[in-house]
Amino acid sequence: DGKSLANWDGAPTFWRAENGSIVGETTAEKVLKVNTFIIWRAGQTKDFELKLDFKMTGGNSGVQYRSVNLADVGKYVLKGYQADMDAQAMYTGMLYEERGRGFLAERGRVTRIAEGGVRKLIGSPGSADELKGLLKLDDWNQLHIIARGTTVMHLINGRVMSVCIDEDEKGRIAEGLLGLQLHVGQPMKIEFRNIMLKRL
């Protein structure tokens with residue numbers, strides 16, 4: 001709602017509502033031992049479109065969806081699909097599976113995942129470097145995730161960054177939680193605003 005963390009569940013040490021945004025921040029004094037998430041508790045994500053703006057200052061983050069809570073690892077630890085982002089834009093736009101199969105579709109790739117997690121490159125929305133040029137460092141970018149059935153697509157600032165057709169029935173998760181990530185490492189700050197979710 002831009003004013004509070006209503007319907008969001010995360011460690012208050014690291015997450016707050018500020019200036020219309022959800023803000024996650026680590027400092028030299030507030031250090032993470034494991035990646036942590038603020039989890040949306042008002043529903044699940046299955047087939048949907050999500051749009052939000054994000055701004056990064058240092059570090060690595062992501063938007064997790066169709067995910068499960070690994071409570072045995074940590075109260076706010078998630079496993080599942082992630083729209084990855086980082087302050088250097090090395091990974092921003094790619095599809096990564098946190099605590100799962102790892103890199104599924106890097107920026108600039110359309111991939112198909114077959115049974116057993118076998119990955120094949122089947123196309124490209126543009127070169128990784130060309131797409132990187134569309135990203136704004138230390139400024140606001142718009143992330144748009146489309147997930148429908150076995151196909152998931154990440155767009156940033158109106159351009160397709162990566163697409164994955166995930167036909168690995170045993171490996172994939174079809175429905176689950178939505179979360180915003182703070183990553184272990186150097187002090188960092190991530191801001192999210194204008195979060196809009198539409199179920200398909």
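Conventions and cut-offs
Residues numbered from 1 in each chain as written. Predicted model: local features only at pLDDT ≥ 70, side-chain atom pairs only at ≥ 80, totals over all residues. Heavy atoms only, no water. Helix = DSSP H or I, 4+ residues; strand = E, 2+ residues; numbered from the N terminus. Buried < 20%, exposed > 50% of the residue type's maximum accessible area, 1.4 Å probe, protein only. Salt bridge = Lys/Arg side-chain N within 4 Å of Asp/Glu carboxyl O. Pairing = 2+ DSSP bridges. Axes fitted to C-alpha atoms, helices over the stretch in contact; angles between N-to-C directions. Contact = heavy atoms within 4.5 Å. Phe/Tyr/Trp six-rings, centres within 6.5 Å; stacked < 30°, edge-to-face > 60°. Lys NZ or Arg CZ within 6 Å of the ring centre and 35° of its normal.

(A) Quick look at unusual backbone geometry. Here the phi dihedral of Asn-7 falls at roughly 75 degrees; this positive angle occurs in a residue that is not glycine. Looking at where Asn-7 falls in the secondary structure, it is placed in the segment before strand 1 (8-9). With phi around 45 degrees, Arg-66 is a residue other than glycine that occupies positive phi space. Locating Arg-66 in the fold gives a position in strand 6 (residues 60-69). Arg-66 sits in the buried class, given a relative accessible area of 2%.

(B) Fine view of the pattern of salt bridges. This structure, assessed with the given rule, holds 12 salt bridges. A salt bridge links Arg-101 to Glu-97, with the nearest nitrogen and oxygen atoms 2.8 Å apart. For Arg-101, a relative accessible area of 25% gives the class partly exposed. In this structure, Glu-106 and Arg-119 form a salt bridge, with 2.7 Å as the shortest nitrogen-oxygen distance. Taken together, the positions of Glu-106 in the loop between strand 9 (102-105) and strand 10 (109-113) and Arg-119 in strand 11 (residues 119-123) put the pair 13 residues apart, joining distant regions of the chain. On the accessibility criterion, Glu-106 (21% relative accessible area) is partly exposed. Given the relative accessible area of 35%, Arg-119 is considered partly exposed.

(C) Structural detail: the sheet that holds strand 13 (residues 151-156). Spatial ordering of the open sheet is given by 2-3-16-5-12-13-14-10-11, a layout of 9 strands whose pairing is mixed. Taken across any chain shown, the strands that pair with only one partner, and hence form the sheet edges, are strand 2 (15-18) and strand 11. The average angle at which neighbouring strand axes cross in this sheet is 25 degrees, direction not considered.

(D) Structural context of the side chain of Thr-36. Structurally, Thr-36 is set in strand 4 (residues 36-45). For Thr-36, a relative accessible area of 7% translates into the label buried. Excluding residues within four positions of it along the chain, Thr-36 makes contact with Trp-15, Tyr-76, Leu-180, Gln-181 and Leu-182.

(E) Local environment of the packing of aromatic side chains. Applying the stated rule across the entire model yields 4 aromatic pairs. Summarising the aromatic geometry, the rings of Tyr-65 and Tyr-81 are spaced 5.6 Å apart at their centres and angled 40 degrees between planes, so their arrangement reads as tilted. With Tyr-65 in strand 6 and Tyr-81 in strand 7 (residues 78-86), the pair connects residues that are 16 residues apart, well separated along the chain. The residues Tyr-65 and Tyr-81 share a single accessibility class, namely buried. Ring centres 6.3 Å apart and planes at 35 degrees place the aromatic pair Tyr-91 and Phe-103 in the tilted group. With Tyr-91 in the loop between strand 7 and strand 8 (95-98) and Phe-103 in strand 9, the pair connects residues that are 12 residues apart, well separated along the chain. Residue classification places Phe-103 among the partly exposed residues on the basis of a relative accessible area of 41%. Positioned above the aromatic ring of Trp-140, the side-chain terminus of Arg-193 is 3.8 Å from the ring centre.

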